[in-house]
Amino acid sequence: MRIGILNGGGDCPGLNAVIHGVVGAADQLGWEVIGFRDGFEGLLPPGDYTVLKPKDTIGILKLGGTILGTTNKGHFIAKVGNGDIAEVAAEIIAKAKRTMDQLEIRALIVVGGDGSLTTGLQLYREGWPIIGVPKTIDNDLGATALTFGFDSAVSTVVDALDRLHTTGESHKRVMVLEVMGRHAGWIALWGGIAGGANVVLIPEIAFSLEKIAEFIKQREAQGHHSTLVIVAEGARMPDGDLVTIDANKAGEVRLGGIGDQVAASLQQMTGKETRACTLGHLQRGGAPTALDRILGVRFGVMAVKLAAAGSFGRMVSYQSYDVDSVPIEEAVHQLRLIEAESELVLAAKAIGIRLGD
Ligand code: F6P
């Protein structure tokens, strides 16, 4: 029995832990694992892949990124823009299928976010033996309560807030930290609560700059001369606009710059010296936390278990401390967003964090 694994989309701490889990569990069954390079692209003839044996995964648990490489471009892009689905072209699928057949791949484990899993779903519907493993630092995939990489990203955010706190306090400044989170504010809200932010701005909740400025002035009057603001890149400015850098060829926008805009407005409205810092890809790189490593390994093991059972078209899922699986279509059809009245938001508000609403 030979199975394949590939990862697609942006990298994420914990991808190597999944590979480690898959290779270890497959080896126990006497199976061979083929790792395709650079996502689905590695399937295109002549095929770009490597045989993965347990000895090839020694020491990779602690490595960020992915030993297989990844891409969020190429021939297999299924999501363009926000929620628009593009089918992968039939001739591309036919070429990739030739590689699958030649190598006699009996199960293909796709470790990916919304885009790669949507491609995986299309292939499954065309008869491919696909198993999905959810991956995104944004933690916004439906049908799983947690994705690996998220905890590592939050840890980086908390470290950054700790540092911004000391410099902000020393200079009596407002410090604005922009973090990732395209559609959902999980990184901002978890990071903000854990890192002691005073204001958290997320895509799910519209904010008013006037209210935040008023809050900063109140804090000033109460003797709190520094304020920590965290803003998700996907939050919308009060006029409803996203702040973008540019759009790629597929029409998907690169987000970035809202931290600078919020900082400039708050400085102007409060008269307080304000500085902005964008964390960017520091949140995606580096070693995974212990939680992301164990999550990755367990996801990998579950993927092999699904392959052994012939349970194709399913995605590994984390629910209430257990790793299980759900149909892939349940995961890709809706993003998991923060609800304004959720316990998490209310807990943040209960300790005085403002969300700008
Ligand atoms: O979806 C994960 C994510 O990290 C988003 O938060 C961010 O907008 C995007 O990827 C960045 O992608 P890229 O690495 O292509 O700039």
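Residues numbered from 1 in each chain as written. Predicted model: local features only at pLDDT ≥ 70, side-chain atom pairs only at ≥ 80, totals over all residues. Heavy atoms only, no water.

K.L.:
Explain the site of the ligand to me, using residue names and the numbers behind them.
P.N.:
Every residue close to the ligand is listed here: Asn72, Ile137, Asp138, Met180, Gly181, Arg182, Glu233, His281 and Arg284. Taking Arg182, its side chain carries an N or O atom lying 3.1 Å from an oxygen atom of the ligand. Contact between the ligand and His281: an oxygen atom at 2.8 Å from a side-chain N or O atom of the residue. Its free accessible area being 400 Å², the ligand has 74% of it covered by the protein chains. Residues of the shell around the ligand, tallied by class, amount to 2 nonpolar, 3 polar and 4 charged. Counting contributing residues per domain, the shell around the ligand is built from domain 1 (2-148 + 288-331) and domain 2 (154-283), each supplying no fewer than three. (Near = heavy atom within 4 Å. Polar contact = N/O pair within 3.5 Å; in protein donor to acceptor, adjacent residues only side chain to side chain. Areas by Shrake-Rupley, 256 points an atom, 1.4 Å probe, with all protein chains shown as cover. Nonpolar A, V, L, I, M, F, W, Y, C, P; charged D, E, K, R; others polar. Domains from an automatic or database assignment.)

K.L.:
Can you break down the pairing of strand S1 (residues 2-7) residue by residue, with the values?
P.N.:
Here S1 lies mainly inside the structure; 5 of its 6 residues are buried. Taken together, the 4 bridges between S1 and strand S2 (residues 32-36) define a ladder with parallel strand orientation. If you follow Ile3 over to S2, its bridge partner there is Val33. For the crossover from S1 across helix H1 (residues 15-28) to S2, the handedness is right-handed. Alignment of S1 against strand S6 (residues 107-112), held across 5 bridges, turns out to be parallel. Paired with Gly4 across the bridge in S6 is Leu108. (Buried < 20%, exposed > 50% of the residue type's maximum accessible area, 1.4 Å probe, protein only. Helix = DSSP H or I, 4+ residues; strand = E, 2+ residues; numbered from the N terminus. Pairing = 2+ DSSP bridges. Right-handed = clockwise from strand over helix to strand, strands pointing away.)

K.L.:
Break down the pattern of salt bridges for me, citing the residues and quoting the values.
P.N.:
By the definition in use, this model includes 13 salt bridges. One salt bridge connects Asp48 with Arg37, and the closest N-O pair in it is separated by 2.9 Å. Pair noted here: Asp48 is in the loop between S2 and strand S3 (49-52) and Arg37 is in the loop between S2 and S3, with a separation of 11 residues, a long-range link. According to the relative accessible area criterion, Asp48 is partly exposed, its value standing at 34%. Arg37 gets classed as partly exposed once you look at its relative accessible area, which sits at 30%. Here Arg275 makes a salt bridge to Glu273, at a shortest N to O gap of 3.2 Å. Overall, Glu273 belongs to the partly exposed group, its relative accessible area being 37%. (Salt bridge = Lys/Arg side-chain N within 4 Å of Asp/Glu carboxyl O.)

K.L.:
I'd like a rundown of the sheet that holds S1, residues and numbers included.
P.N.:
Within a sheet, each strand pairs with its neighbour through backbone hydrogen bonds, oriented either parallel or antiparallel. Ordered by their spatial adjacency, 7 strands build an open sheet running S3-S2-S1-S6-S7-S14-S15, and the pairing between neighbours is mixed. Looking at which strands have only one partner, the edges of the open sheet turn out to be S3 and strand S15 (322-327). Strand-to-strand twist of the sheet, defined as the mean angle between neighbouring strand axes without regard to direction, takes the value 30°. Here strand S14 (residues 314-319) pairs with S15 via 6 bridges, running antiparallel. (Axes fitted to C-alpha atoms, helices over the stretch in contact; angles between N-to-C directions.)

K.L.:
Account for the environment of Gly240, with residues named and values stated.
P.N.:
By the secondary structure assignment, Gly240 is in the loop between strand S10 (227-232) and strand S11 (244-247). A sequence separation of 196 residues divides Gly240 from Leu44, and the C-alpha atoms of the two residues are 41 Å apart.

K.L.:
I'd like a rundown of the pairing of strand S7 (residues 130-134), residues and numbers included.
P.N.:
Here S7 lies mainly inside the structure; 5 of its 5 residues are buried. Side chains Ile130, Gly132 and Pro134 project from S7 onto one buried face, and the interleaved Ile131 and Val133 project onto a second face that is buried too. Direction of pairing for S6 relative to S7: parallel, over a ladder of 5 bridges. Pairing of Val110 across the sheet is with Gly132, part of S7. With 2 bridges connecting them, S7 and S14 associate as parallel partners. Across the sheet, residue Gly132 finds its bridge partner in S14, namely Met315.

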